[in-house]
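Structural overview for review
The chain contents come next:
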Amino acid sequence: MIFRTTPAPRRALRRVRTTTALRPLRHRLDPARVEEIPFHAPDGVRLGLTRVDPGERGRPAVLLLHGHTASADMFLLPETRNLVDSLLDDGYEPWLLDWRGSRRLPYNETGQRYTYDDVALYDIPAAVAAVRERVGDRPLFVVAHCIGSLTLSLSMAAGLVPGLAGVVSQGVFLTPKLAGRTSLRMTVAGELLKNRVDHIPVDFRKVGLRSRYTPLFALAGRKADCPDPTCQILHSSAWGSGASLFVHENLSEATHDRLAELLGPAPLWILPHLRRIELARSVVRWHETDDRYRALPPNALDAAGRIDTPVLLLAGSENGLWLDSQKLCHEVLAHRQPHLDVRYTEIPGYGHLDTFLGRGAALDVFGHILDFLGERR
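Position numbers for residues count from 1 along each chain, tracking the sequence in the order it is written. In keeping with the model being predicted, local features are shown solely for residues with a pLDDT of at least 70 and side-chain atom pairs are shown and tallied solely at 80 or more, while totals for entire chains, interfaces and linings include all residues. The side-chain quantities take in all heavy atoms of the structure and omit both hydrogens and water.

Further remarks concern the packing of helix α2 (residues 116-135) against helix α3 (residues 147-157). Helix axes are fitted to C-alpha atoms over the stretch in contact, other axes to C-alpha atoms as well, and angles between N-to-C directions run from 0 to 180 degrees. Elements are defined by DSSP. Helices are runs of H or I of four residues or more, strands are runs of E of two residues or more, and each kind is numbered from the N terminus. Packing of α2 against α3 leaves a shortest axis separation of 9 Å and a crossing angle of 80 degrees. Classified by the angle between their axes, α2 and α3 sit roughly perpendicular to one another. The residues of α3 that touch α2, namely those facing Y116, D117, V119, A120, I124 and P125, are I147, G148, T151, L152, L154 and S155. For this classification, Asp, Glu, Lys and Arg are treated as charged, while Ala, Val, Leu, Ile, Met, Phe, Trp, Tyr, Cys and Pro are nonpolar and the rest, including Gly, are polar. Looking at the contact of α2 with α3, its residues break down into eight nonpolar, three polar and one charged. Angles below 35 degrees are treated as roughly parallel, those above 145 as roughly antiparallel, those between 65 and 115 as roughly perpendicular, and all remaining angles as oblique. Contact definition: two residues touch when any of their heavy atoms are within 4.5 Å.

Here it is in C-alpha cells:
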C-alpha cells in the first residue's frame, strides 16, 4: 500500500527589494519643478540626483547630502517648512543627492555592499561634478548631515571636490565621537549579530511579532516614553546602539508618524568601518591595500590642510549620537590648521535629526545656514 502525504505549505518568502529603482520623493512642490536626473556613480552603482527648478536662472546652487539610512526626503518634508523651501525663498537652486546609503535605494538591505570609502571616492565627487556641469561657474555650496558630512570630509581632504563656495556640516565632520556605551554596544552587537542578521530594521509592522528582530525592539522599548516601536528604536536606541537621534518633542505629530518612511534599516556590515573611524577619532580610509582607493588619504584629519573652502560646523546642544564632535572638530582644527576658515555654531535644545526634521527648524536652525551661505554667495 502506498501512503500519500500532503506536503506542508511553504512559508512565503519575505519580499525584499532587489531593484535599484528609486522610491518616489514626497513633497508639496509642483512636480514640473522637480527634475530627477539619471545618475550613476563611476563604479556603476545607481544613485539619485534631483534638481529643484527655482523658476529663474543664475542662482547659486546648493547640494544637500542626507545621513545614512535617510534620504533626500529629509529636506523636503511636506508637513512643515523644510530646508528646500527656505533655500528657494532665499534665492538658491537646491540639488539633492541620494547616495548609496539612501532610504530610497535598496543597498542597505540587498545588493552590493559598500564602505564609506565608496561614498567619498565615487558618490560625492561625481555628484558635485554633475551639478557643476549644469550650473557652470555659479557658486556651489554643500549642506551635509551626519554620515553625508563625514564622508564629505574625506572627499574634501582628498582634494576630490575643490572650489566649493562653502560647506555646512551638521552633526559630525572630521572628528567623530560617540558615547562609550554607544561604541561598546556597536562593537558587541556587530559581533553577536553578524552571523544572524545583516541589518536592523526600524518598521516593526513589516517584520512582525515573531521575527528575529523582536528582541531588539523589546530592548529598545524598555523605559521608553513613546509607545511607537519605530520611535523607540530610533529615539531611545538608534538602531540598538543606545544613542538618541532626536529630541522627541521637537518633532511634529505628522513627522513622528513618518519616521519609518524617513529612516530605513541600518546595515550591520558597515559597522567595522564605523568602529575604526570612531576609535581613531578621525575619518580613516577602510581599504588599506586596494589601489582603487589610493586617492583617499589614510586619515582625513591629517590631510585637512587640503580643505579649501569655508566650513560651518553645526550641532544641536542635545546631540545624543555624536555628542560634542563638532565642537571638538573646531578646537582641533583651530590648533592644527589655524589657516582654515572654520566656525562652530550650537543650536540650543536640538538633538541630531531634528535640526532638519524638527517642526521649528526653519526658525531655529535654517537661519544659521542661510546666513553662512549669504556671506559667501
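More follows now that the structure is in view.
Each Phe, Tyr or Trp ring, with Trp reduced to its six-membered ring, pairs with another whose centre is within 6.5 Å; inter-plane angles below 30 degrees give stacked pairs, above 60 give edge-to-face pairs, and intermediate values give tilted ones. Tallied over the entire structure, the rule returns five aromatic pairs. Consider the rings of Y92 and F141, whose centres lie 6.2 Å apart with planes at 85 degrees: the pair is edge-to-face. Here the residue Y92 occupies a position in the loop between α1 (83-89) and β4 (93-98), and F141 occupies one in strand β5 (residues 140-145), the gap between them amounting to 49 residues. What makes Y92 buried here is its relative accessible area of 0%. Taken together, a centroid distance of 6.3 Å and an interplanar angle of 65 degrees make the contact between Y122 and Y293 edge-to-face. Burial status follows relative accessibility: with a 1.4 Å probe on protein chains alone, a residue under 20% of its type maximum counts as buried, one over 50% as exposed, and anything between as partly exposed.

The pocket and cavity definitions rest on a 1 Å grid over protein atoms only: a 1.4 Å probe that fits but cannot leave marks a cavity, an open set with protein on both sides within 12 Å along at least five of seven lines marks a pocket, and residues lining either have an atom within 4 Å of a point. Grid points are joined across faces, edges and corners, and a volume is the space filled by probe spheres set on the points. Going through the model one piece at a time under the given rule, you end up with two cavities of 30 Å³ or more. Its boundaries defined by the atoms lining it, the largest cavity holds a volume of some 50 Å³. Lining the largest cavity are 11 residues, with R103, L105, N108, E109 and P265 sitting closest to its centre. Of the residues belonging to the lining of the largest cavity, the class tally is four nonpolar, three polar and four charged.

Moving on: helix α14 (residues 366-374). The complete set of buried residues in α14 reads F366, I369, L370, F372 and L373. Taken down its axis, α14 places every buried residue within 160 degrees of arc, on the same side. It is the directions from the helix axis to the C-beta atoms that the arc portrays.

Looking at the secondary structure, you find I369 in helix α14. Between the C-alpha atoms of I369 and L83, which are 286 residues apart in sequence, the distance is 9.4 Å. Here I369 is in contact with L83, V143, V168, L314 and F356, once residues within four sequence places are set aside.

Looking now at the pattern of salt bridges. Working definition: two side chains of opposite charge can pair if their charged atoms are close together. The rule for a salt bridge is simple: a side-chain nitrogen of Lys or Arg has to be within 4 Å of a carboxyl oxygen of Asp or Glu. In this structure the tally under the stated criterion is 24 salt bridges. Between E93 and R138 there is a salt bridge, with its nearest N and O atoms 3.2 Å apart. Remark: R138 occurs in the loop between α2 and β5 and E93 occurs in strand β4; sequence separation between them is 45 residues. Residue R343 pairs with E375 through a salt bridge whose shortest N-O separation is 3.0 Å. Note that R343 is positioned in strand β10 (residues 342-347) and E375 in the segment after α14, a separation of 32 residues in sequence. Among the residues examined, R343 registers a relative accessible area of 31% and is labelled partly exposed. Of the residues examined, E375 reaches a relative accessible area of 51% and is grouped as exposed. Taken together, the shared-partner salt bridges connect E35, R51, D53, E93, R134 and R138 into one network.

A few words on the sheet that holds strand β6 (residues 166-170). Spatially, eight strands are ordered β1-β2-β4-β3-β5-β6-β9-β10 in an open sheet, and the strand pairing comes out mixed. Unpaired on one side and paired on the other, β1 (34-40) and β10 mark the two borders of the sheet. The average angle at which neighbouring strand axes cross in this sheet is 20 degrees, direction not considered. The criterion for strand pairing is that DSSP finds at least two bridges linking the strands in question. Examined bridge by bridge, strand β3 (residues 61-65) and β5 share five bridges and lie parallel to one another. From the neighbouring strand, L65 faces β5, where its bridge partner is A144.

The next thing to look at is the side chain of R51. Among the structural elements, R51 can be located in strand β2 (residues 46-52). Taking the relative accessible area as the measure of exposure, R51 reaches 14% and is therefore buried. Among the polar contacts listed, one links the side chain of R51 to the side chain of E93, at a separation of 3.3 Å. Excluding anything up to four places from it in sequence, R51 contacts R33, V34, E35, I37, E93, P94, W95 and R134. Any pair of N or O atoms that falls within 3.5 Å is considered a polar contact. Within protein, one atom must be able to donate a hydrogen and the other to accept it, and sequence-neighbouring residues count only if both atoms are side-chain atoms.

With that settled, consider α2. One fewer than the residue count of a helix, multiplied by 1.5 Å, yields its expected span. Over its 20 residues, α2 extends 27 Å from the first C-alpha to the last, a length consistent with the 28 Å expected when each residue adds 1.5 Å. When you tally the buried positions in α2, you get 16 out of 20 residues, the bulk of the element. Positive phi appears at G136, one or two residues downstream of α2, with a value of about 65 degrees.

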